[in-house]
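# Close look at the chain arrangement
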Amino acid sequence: MEIQTKKEANATVVTITGRLDAVTAPVYEKAVIELITAGELKLIVDFDALDYISSAGLRGLLVTAKQLKGKGGQVRCANVKGTVKEVFDISGFGSIFQMDDSVAFALARLA
Amino acid sequence: MKYLLFTVMLISLILFTFITGCSKSEKGITSFEDAKTAKLGVMTGSTGEAVARKKFPEAQVNSFDDIMDAVAAIKSGQLDAIITLFPAALQVSKKNPELRLLPEALDKEDTAIAIKKGNDDLLASLDRIISELKSDGTLDSMKGRWLKADLSPYEELDIKLPKEGAVLRIGVSATREPFSFVDEHGRVTGHDGELARLIGARLGRPIEFSNMKFMALIPALQSGKIDLIITGMTASAERKKSVNFTQPYFANTQVMIVKKSASATAGAAADSKTALPPFLQSIATSFRSNIILENRYMLILDGLKTTIVISVLATILGTLLGALVCFMRMSKKKLLNLPARVYISILRGTPVLVLLMLIFYVVFASVNISPVLVAVIAFGMNFAAYSAEIFRTGIEGVDRGQTEAGISLGFTKVTTFLNIVLPQTVRRILPVYKGEFISLVKMTSIVGYIAVQDLTKASDIIRSRTFDAFFPLVMVAILYFLISWLLMQSLEYLERKTDPKSKRSKVACA
Amino acid sequence: MIQVEHLSKKFGDLVVLKDITIEIKTGEVIAIIGPSGTGKSTFLRCLNLLDQPNGGSIAIDGVNILDAKANVPKIRQKMNMVFQSFNLFSHLSVMENLTLGPIKLRGISPKDAELKAMELLKLVGLAEKADNYPDELSGGQKQRVAIARCLAMDPEIILFDEPTSALDPTMVSEVLSVIRRLAKEGMTMAIVTHEMDFARDVANRVLYMDEGLIYEEGTPQQIFETPQKEKTQAFINRVRSFTYQISSPDYDLYAMNAEIENFCEKQILPKKTRHSLLLLVEELLQIYTPGLHGTRLDLAIAYSEKKETLQLTLESSGEAANPLESNFLPDELGLTIIRNLAEDIEFQRVNDKNRLTVLMRKTL
């Protein structure tokens, strides 16, 4: 897994590439919590390049989302599709998270 | 075609150079002083060899089995001088105008008859006969008639030999004119031939000559294959250790043969340049002297016959024996398998010449057996070792499935082998077998060692008379090639016959 | 017709046939199936003594052929064999291949033998190849000639040793159709084959061989539809399996994933199935992970080629407890995913071990 962050005008885009599983979820959590502690309260997670997600990955997402909520921030998920979307749907995450078809849409919604 | 033409031209050129003699004439030897660092030719195991090494320590000494080989070498410029016994040297100089003898003798030695140790009665009678021949002047007369400086024909005494009685077997190396050589009727004759007949007549026993390589004579005597050796043999100290000698019947000397000075030979050569170009003329001359004269072609024909008989019989014996060895080798029983393995490795690891001599002088030492038969046995045994392995690889090369299919059809192991494996094996091994056969034919050229007169031996005999190395050798080479080629053709015919598809193509043609 | 009792055969120390007892009756067509190296061909080769058995007895029409006095070549004439590698006599034409045995072994005149051979060649559809040589024929043609060669001997039974294994797939059917025809005509045959569909329709009786034994036998229906024993089932359903062992919570997930991917690739599973399988395995292991200290977990994945199903079996030591009902789970996330991916989940306590069997849902 690879994590890239990009600061946009009104939010920070976190792009995850590869797999978000039991091994990589803690890495993701750590990276995002660092962003939050640094004061980033509006996050967009881009799933475009993510091939695989397991319950461990979902849990990581959940943990960071709760942290943000506590600080009054918000998170949106962009480009959730294919097998990753299926896992979202199975676990009911599709309705918990706010989903967008692209990063641009998500940015617009946050504005 | 171009290549063929080129090859023929090349061979002609080489022959031409040889036959007309080597043009690179070096400074001739005129005294023993000149010979100090020269290249000397001697006869293997002769006293001349010892003399050469003692008197010319710095010279390069080359040993030859036969005088004609040494003569061929000096003529082609590979030697500067030959050290040999006077009678032989005399003969050489007579027949080779470009060679001459140095007048002084290098060494004196006694020529005597060799007898197996312990045969004292015969020794005593021989000594008595020699004394008689000496005192009645017979030996002197013989010397006059056989050791001549010109080429006029020999006069030979007509000696009546008894037809009945115990045969006296006399070992000779009949390539040593004028002591012992083969005449136009194929008889062994010469000074020693006559002496042998005289002895036979006086002992009242019929005689039989065994003509073999000089170095094979003493082993033959020791093993009882022959009773005496009369062939101009020197009674050297070395030989006295293994055999007994009679009193000398001839006082011999070691002399040196050298090339005549360049000017003398040039004159001789100029004479011969008359009608025909020198190359063709020398071929014509060689042909006459080597083939026509004294009916020598008969020697060649007889030799050819012997070579073919030995080759064919040895192949048949070797194939049958090889099949047996192969059967044993492929057996799973150690009792059969092991002897076959040992047989194959020993026979393949032994030079066939050694095998031949062993069988002749050791195995059949006390048996009066035809040397041709010995040759057939020796070559047959050797061939068997090779053919056994050829058969084995051939048989093993046939897929196991073929045997299984035959057996499951209801054939027995034997009928499966005969109907299915063997036909496939034959086709498979013929090419290799052919090669082995051809090399057997060529290998038979060593049978001269056990007194068999084959093609090579015939050429040796002719060369010993004519001292023309090249013509007989080339002719024999061509004859060997022809034999091989003919045999090859017949085997190839067999090969075509065994190719199953040939049957069909013939049908298709018809 | 053939009565085999307690037949055994070993090659050196390797026991190939342990104890075979079977009776073959006239007119029966017996298919012998089973994994490679379980002695099917050896059994056939022992029947006509191409391989000498080490023990037991073989009686043909009441005559024990292992008796030293038995005329084995004579008996073999009644019991011909068709080989995997055809084994036509390469130095003889097709016609001669067919007439050699009858002429030499049965004393039939060459003319009669050729007439009969021609008839048989027509039967296998190769009359025009009579004058050709084996190396001029295709594999399928060779095998048909080999069958005709057997028939030329008027055998009472034909033994087929994997008759189509060495053939190009395109040539298999021409050979099988000849054998089918023989079966219809009532020829007694024993056929070692890997062609399951063929075995099913041509045989009256099927022997499944494994472990040097006739492991299970029955009608084609019984063996192919309702095999009783585990190994037979695995073979019939063409089950391929993969096993992995985990003995610490710090196992290398990625190394294991790579091996599973490899296994999937061999079975040519679609990408989607692979993804679901990997997810299912990860979720299951996630549940097991907290309890992995000091215990061992054996993971087995079995794929049935025939049913196209994937079955996961997880076996762990320790106290009897269904891991899916344990209290260690932080949330229902993993379990939800597992339930969604699985068609059927079963927990058993077997041999003091907890066994969880999960049948994966077929992905569309």
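For the structure given in this document, a descriptive report is provided here. (Residues numbered from 1 in each chain as written. Chains lettered and ligands numbered in written order. Predicted model: local features only at pLDDT ≥ 70, side-chain atom pairs only at ≥ 80, totals over all residues. Heavy atoms only, no water.)

## So, the overall build of chain A
- When helices and strands are tallied, chain A shows 5 helices and 6 strands.
- Listed by position from the N terminus, the elements making up chain A come as β-β-α-β-β-α-β-α-α-β-α.
- Here chain A, with 111 residues, has 49% of them falling under the buried criterion. (Helix = DSSP H or I, 4+ residues; strand = E, 2+ residues; numbered from the N terminus. Buried < 20%, exposed > 50% of the residue type's maximum accessible area, 1.4 Å probe, protein only.)

## Quick word on the overall build of chain C
- Tallying secondary structure elements over chain C gives 12 helices and 15 strands in all.
- For chain C, buried positions account for 54% of its 364 residues.
- In chain C, of all internal contacts separated by at least 6 residues, the share reaching a separation of at least 24 is 64%.
- About 16,700 Å² of surface is accessible on chain C, with carbon and sulfur atoms providing 47% of the total. (Contact = heavy atoms within 4.5 Å. Areas by Shrake-Rupley, 256 points an atom, 1.4 Å probe, with all protein chains shown as cover.)

## With respect to the packing of helix H2 (residues 55–70) of chain A against helix H12 (residues 333–341) of chain C
- At a minimum axis separation of 9 Å, H2 of chain A and H12 of chain C run at an interaxial angle of 140°. Of the possible angle classes, the one that applies to H2 of chain A and H12 of chain C is oblique. The crossing of H2 of chain A and H12 of chain C is right-handed. Between H2 of chain A and H12 of chain C, the residues in contact are Ser 55, Leu 58 and Arg 59 of chain A and Leu 333, Gly 334 and Ile 337 of chain C, respectively.
- Across the contact of H2 of chain A with H12 of chain C, the residue classes break down as 3 nonpolar, 2 polar and 1 charged. (Axes fitted to C-alpha atoms, helices over the stretch in contact; angles between N-to-C directions. Parallel < 35°, antiparallel > 145°, perpendicular 65-115°, else oblique. Left-handed = near helix turned anticlockwise from the far one by under 90°. Nonpolar A, V, L, I, M, F, W, Y, C, P; charged D, E, K, R; others polar.)

## Focus on the interface of chain C and chain A
- With 17 residues of chain C at the contact, the number on the chain A side is 19 residues.
- Between chain C and chain A, the buried area comes to about 1,500 Å², and carbon and sulfur atoms account for 61% of it.
- At the boundary of chain C with chain A, the tally comes to 3 salt bridges.
- Residue Arg 19 of chain A pairs with Glu 282 of chain C through a salt bridge whose shortest N-O separation is 3.9 Å. (Buried area = accessible area lost by both parts, 1.4 Å probe. Salt bridge = Lys/Arg side-chain N within 4 Å of Asp/Glu carboxyl O.)

## Some details on the interface of chain C and chain B
- Each partner contributes to the interface: chain C provides 27 residues, whereas chain B provides 22 residues.
- Around 2,100 Å² of area is buried between chain C and chain B when both sides are counted, 56% of it from carbon and sulfur atoms.
- Summed over the three residues of chain C that lose the most area to chain B, namely Phe 89, His 91 and Tyr 133 of chain C, the buried surface amounts to 28% of that side.
- Here chain C is connected to chain B by 1 salt bridge.
- At the surface where chain C touches chain B, the tally comes to 8 residue pairs in polar contact (both at pLDDT 80 or more).
- Going through the elements one at a time, helix H2 (72–77), strand S6 (79–82) and helix H3 (94–106) of chain C are the ones with two or more residues in the side of chain C that touches chain B.
- With 5 residues, H3 of chain C is the largest single contributor of residues to the side of chain C that touches chain B.
- Of the residues in the side of chain C that touches chain B, the class split is 11 nonpolar, 8 polar and 8 charged. (Polar contact = N/O pair within 3.5 Å; in protein donor to acceptor, adjacent residues only side chain to side chain.)

## With respect to the sheet that holds strand S14 (residues 342–350) of chain C
Residue and element names in this part refer to chain C.
- Judged by pairing direction, the sheet is antiparallel, and its 5 strands sit side by side in the order S11-S12-S13-S15-S14 without closing on themselves. Of all the strands in the sheet, just strand S11 (239–246) and S14 have a single pairing partner and so form its edges. Taken over all neighbouring pairs, the strand axes of this sheet differ in orientation by 15° on average, direction set aside.
- In this sheet, strand S15 (residues 353–360) lies alongside strand S13 (residues 309–316) in antiparallel orientation, the contact comprising 6 bridges. For Thr 313, the partnering residue across the bridge sits in S15 and is Thr 357.
- Sheet contacts for helix H11 (residues 271–288): S11, strand S12 (297–304), S13 and S15; angle to S13, the most-contacted strand, approximately 15°.
- This element, H12, spans S14 and S15 of the sheet and lies at about 105° to S14. (Pairing = 2+ DSSP bridges.)

## Side note on unusual backbone geometry
- Along the chain, Glu 177 of chain B connects to Pro 178 of chain B via a cis peptide bond; the corresponding omega equals 5°.
- Assignment of secondary structure puts Pro 178 of chain B in the loop between strand S8 (175–176) and strand S9 (180–182).
- At His 6 of chain C, a position not held by glycine, the phi torsion is positive, near 50°.
- Considering the arrangement of structural elements, one finds His 6 of chain C in strand S1 (residues 2–11).
- Even without being a glycine, Phe 86 of chain C presents a positive backbone phi close to 65°.
- Mapped onto the elements of the fold, Phe 86 of chain C is located in the loop between S6 and H3.

## Regarding a nonpolar patch on the surface
- On the surface, a nonpolar cluster with roughly 480 Å² of combined accessible area is contributed by Ile 308, Val 309, Val 312, Leu 313, Ile 316 and Leu 320 of chain B.
- Here Ile 316 of chain B is to be found in helix H12 (residues 296–330). (Patch = residues over 30% accessible without salt bridge, like charges linked within 9 Å, V, L, I, M, F, W, Y side chains within 5 Å.)

## Comments concerning the nonpolar core
Residue and element names in this part refer to chain B.
- One finds Ile 113, Leu 195, Ile 230, Tyr 249 and Phe 379 to be the most contacted residues of the largest nonpolar core, which totals 103 residues.
- If one sorts the elements of this core by residue count, helix H15 (residues 371–397) sits on top with 12 residues.
- In terms of domain composition, this core takes at least three residues from each of domain 2 (113–245) and domain 3 (298–501).
- Setting aside chain neighbours within four positions, we find Leu 195 in contact with Ile 113, Leu 133, Leu 139, Met 142, Ile 230 and Tyr 249. (Core = buried A, V, L, I, M, F, W, Y, C linked by side-chain atoms within 4.5 Å. Domains from an automatic or database assignment.)

## Description of the pattern of salt bridges
All names here are of chain B.
- Within this structure, the stated rule accounts for 47 salt bridges over all chains.
- Put simply, Glu 396 and Arg 392 hold a salt bridge, and the shortest N to O gap is 3.5 Å. Separated by 4 residues within a single helix, Glu 396 and Arg 392 lie in helix H15, roughly one turn from each other.
- A relative accessible area of 48% places Glu 396 in the partly exposed class.

## Section: helix H7 (residues 191–203) of chain B
Residues and elements named next belong to chain B.
- Across its 13 residues, H7 extends 18 Å between first and last C-alpha, which sits within 8% of the 18 Å expected from 1.5 Å per residue.
- Burial analysis of H7 places 10 of its 13 residues in the buried class, which makes it a mostly covered element.
- Buried within H7 are the following residues: His 191, Asp 192, Gly 193, Glu 194, Leu 195, Ala 196, Arg 197, Leu 198, Ile 199 and Gly 200.
- Where the residues of H7 are buried, they touch helix H5 (120–135), helix H6 (138–146), strand S7 (168–172), strand S10 (188–189), strand S11 (207–211) and strand S14 (250–259).
- Once H7 finishes, Gly 204 follows within two positions and takes phi at roughly 70°, a positive value. (Expected span 1.5 Å × (residues − 1).)

## Digging into the sheet that holds strand S2 (residues 14–24) of chain C
All names here are of chain C.
- Spatially, the 4 strands line up as an open sheet ordered S2-S1-S4-S5, and their pairing is antiparallel. Strand pairing shows two members of the sheet lacking a second neighbour, S2 and strand S5 (63–64), which therefore form its edges.
- Along the sheet, helix H1 (residues 40–47) contacts S1, S2 and strand S4 (55–60); its crossing angle with S1, the most-contacted strand, is approximately 120°.

## Concerning the side chain of Asn 322 of chain C
All names here are of chain C.
- Looking at where Asn 322 falls in the secondary structure, it is placed in the loop between S13 and H12.
- The exposure class assigned to Asn 322 is buried, which follows from its relative accessible area of 16%.
- Of note is the side chain of Asn 322, whose polar atom sits 3.0 Å from the backbone nitrogen of Leu 324.
- In contact with Asn 322, not counting residues within four places along its chain, are Phe 347 and Leu 356.

## Some details on the packing of aromatic side chains
All names here are of chain C.
- Taken as a whole, this structure holds 16 aromatic pairs over all chains when the rule is applied.
- Aromatic pair Tyr 208 and Phe 235: ring centres 5.2 Å apart, planes at 45°, arrangement tilted. Of this pair, Tyr 208 sits in strand S9 (residues 205–210) while Phe 235 sits in helix H9 (residues 230–236); the two residues are 27 residues apart in sequence, bridging distant segments of the chain.
- With relative accessibility at 1%, the residue Tyr 208 sits in the buried group. (Phe/Tyr/Trp six-rings, centres within 6.5 Å; stacked < 30°, edge-to-face > 60°.)

## With respect to the environment of Leu 277 of chain C
Residues and elements named next belong to chain C.
- Among the secondary structure elements, Leu 277 is positioned in helix H11.
- Given a relative accessible area of 0%, Leu 277 falls into the buried group.
- Linking Leu 277 and Cys 264, residues 13 residues apart in sequence, is a C-alpha distance of 9.2 Å.
- Other than its neighbours up to four places away in sequence, Leu 277 contacts Ile 260, Cys 264, Ile 301, Leu 310, Leu 312 and Met 360.

## Points about the environment of Arg 76 of chain A
Residue and element names in this part refer to chain A.
- Within the secondary structure, Arg 76 is located in strand S5 (residues 74–78).
- Look at Arg 76 and you get buried, because its relative accessible area is 7%.
- Put simply, Arg 76 and Arg 109 are 33 residues apart on the chain and 9.0 Å apart in space, counted from C-alpha to C-alpha.
- Leaving out residues up to four positions away in the same chain, Arg 76 has contacts with Leu 43, Ile 44, Val 45, Gln 98, Met 99, Asp 100, Ala 106, Arg 109 and Leu 110.

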